[in-house]
Amino acid sequence: MLSAAPLGAAQAKLNVFACVPEWAALAEAIGGDGVEVTLATSALDNPDAIKPTPALIADLKDADLIVCTGAGLEDAWLEPMIERSGNAGVAPGQPGHFLASAFVTLLEDSHGGEEEDEEEGHLHEEGNPHIQGDPRNVLKVAAQLAKRLSVMDAENKAAYGQNAKAFIGRMNALIGELEQKAAPLKGVNIAVQHEHSLYLLEWLGVEAAATVEPEPGVPPGPQHLAAVIEAVPARDMKFVIHAAYEDPGPSKFVSDKAGIPLVNLPFTVGGTPEAKDLFSLYEDSVARLLDGLQGRGRS
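Given the structure is predicted, the values throughout are model-derived calculations rather than measurements.

A short note on the packing of aromatic side chains
Enumeration over the complete set of coordinates arrives at four aromatic pairs. The interplanar angle of 50° and the centroid separation of 5.2 Å between the aromatic rings of Phe-167 and Phe-279 together place this pair among those described as tilted. Highlighted residues: Phe-167 in helix α5 (residues 157-181) and Phe-279 in helix α9 (residues 278-293), separated in sequence by 112 residues. For Phe-167, a relative accessible area of 4% puts it in the buried group. The ring of Phe-279 carries Arg-170 above its face, with NZ or CZ at 3.8 Å from the centroid.

A word on the nonpolar core
Leu-26 and Leu-278 are the most contacted members of the largest nonpolar core, which totals 74 residues. It is helix α4 (residues 135-152) that contributes the most residues to this core, eight residues altogether. Setting aside chain neighbours within four positions, we find Leu-278 in contact with Glu-22, Ala-25, Leu-26, Val-138, Phe-167, Met-171 and Val-269. Judged by nonpolar contacts, the second largest core, of 14 residues, contains Val-212, Met-237, Val-240 and Ile-260.

Looking at the packing of helix α7 (residues 222-234) against helix α8 (residues 249-258)
Interhelical geometry of α7 versus α8 gives an angle of 45° and a closest axis separation of 10 Å. With respect to α8, the axis of α7 lies oblique. For the element pair α7 and α8, the recorded crossing hand is right-handed. Contact with α7, carried on its side by Leu-225, Val-228, Ile-229 and Val-232, involves Pro-250, Phe-253, Val-254, Lys-257 and Ala-258 of α8 and no other residues of that element. Partitioned by chemical class, the residues of the contact of α7 with α8 number eight nonpolar, no polar and one charged.

Side note on the sheet that holds strand β1 (residues 14-18)
Across the sheet, four strands lie side by side as β2-β1-β3-β4; this open sheet has parallel pairing. Looking at strand neighbours, the two that pair on one side only are β2 (35-39) and β4 (97-99), the edges of this open sheet. Along the sheet, successive strands turn relative to each other by an average axial angle of 20°, direction set aside. Sheet analysis places strand β3 (residues 65-68) next to β4, joined by three bridges and oriented parallel. Pairing of Val-67 across the sheet is with Phe-98, part of β4. In the packing of helix α1 (residues 21-31) onto the sheet, the strands contacted are β1, β2 and β3, and the crossing angle to β2 comes to about 175°.

Notes on the state of the cysteines
Here a disulfide denotes one covalent bond, and it connects the sulfur atoms of two cysteines. Applying the stated criterion across every chain, the model contains one disulfide. One disulfide in the model links Cys-19 with Cys-68; its S-S distance is 1.9 Å. Judged by the torsion about the S-S bond (60°), the Cys-19/Cys-68 disulfide is right-handed. Of this pair, Cys-19 sits in the loop between β1 and α1 while Cys-68 is found in strand β3, placing the two residues 49 residues apart along the sequence. Here the two residues Cys-19 and Cys-68 agree in accessibility, since each one is buried.

Thresholds applied
- Residues numbered from 1 in each chain as written.
- Predicted model: local features only at pLDDT ≥ 70, side-chain atom pairs only at ≥ 80, totals over all residues.
- Heavy atoms only, no water.
- Phe/Tyr/Trp six-rings, centres within 6.5 Å; stacked < 30°, edge-to-face > 60°.
- Helix = DSSP H or I, 4+ residues; strand = E, 2+ residues; numbered from the N terminus.
- Buried < 20%, exposed > 50% of the residue type's maximum accessible area, 1.4 Å probe, protein only.
- Lys NZ or Arg CZ within 6 Å of the ring centre and 35° of its normal.
- Core = buried A, V, L, I, M, F, W, Y, C linked by side-chain atoms within 4.5 Å.
- Contact = heavy atoms within 4.5 Å.
- Axes fitted to C-alpha atoms, helices over the stretch in contact; angles between N-to-C directions.
- Parallel < 35°, antiparallel > 145°, perpendicular 65-115°, else oblique.
- Left-handed = near helix turned anticlockwise from the far one by under 90°.
- Nonpolar A, V, L, I, M, F, W, Y, C, P; charged D, E, K, R; others polar.
- Pairing = 2+ DSSP bridges.
- Disulfide = S-S within 2.5 Å.

See the structure below:
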C-alpha cells in the first residue's frame, strides 16, 4: 500500500510533472486548485523521442508526482532524467511515480492489412501505449489518479474525489453521445499512417486496413506505398489518417494517388485548435473521422 509524507505547510500545491498533454489535462481536471502541473511535451512532439533538457530535469527535481503513460512510451528519456534529477520520490515504485498504462488493458501493435511487408517496424513490446485514444481508458486512469493524489495530499482528498466524480460523470455522458454520433463509422476500412490511433479506432469499430508507415519517422519504401495504394480500392478504404505530430507526407501521397481524403487527427489535447481539453479531444476526433467518411479531408 502506497503512502507518502504529508505536504509541508509552505507547499500549498502538489507539483505534478506530466509527460504528455493528455495526462497534464487530466491532472488539472482532477487536481484542480490542489496541483501545479508542468508538461514535458507538446501535442506536436513525438512522445517517443523527447530529448532531456536542463529545464525538464529541474522540473523533475521539484516534482512531487509524475503522471506518465508507461508501456515503453517514455523509456528512452524518462528514467535517465529521473536519475539525473536526484528526486527519489518520483522513482519507479514510489508513490510519486504514476503510470497510466498500469490501470488499463493494452492492445497489441499489429501492422494491419494484407499488403504489409515483413518489416519489423517500431513496436512496443508491452503493447500499444497510446491508450488516451479510448475515453473509457481515461475514465479508469482518472479514478486511480484521484486515489493517488489523495495519498500524496490527504488534506485535499475530498476535493480530488469530487473533481473525479464530476469528470467521470461528464465523460460518461459524452461517450454515449459520441458513440451514437459515430455509429456510421462502425466497420469502415481506412488507412492509417501509424498505429497512433489504435484505441480510438477500436472504440469506434473502425478498421485499420493498411498502415502507411510501419516504422514511425522512417519513410516507407516505394514498394510498400504501391501495395497500400493498390489495397485502397480492394479493401474499400474510405480515407487515410495521420496524427498531428506526424509529417503527413506519406499519408498525403497515398491520399493523392488513391483519391481518398486525408484526415489529420489531434491524437492528444492541443493537437488541433478544437481539441482544447479531453472532452473536446474526443468530440473533434469523431467529427474529423465523420468528415473523412463523407469525403471531406481535414488538415
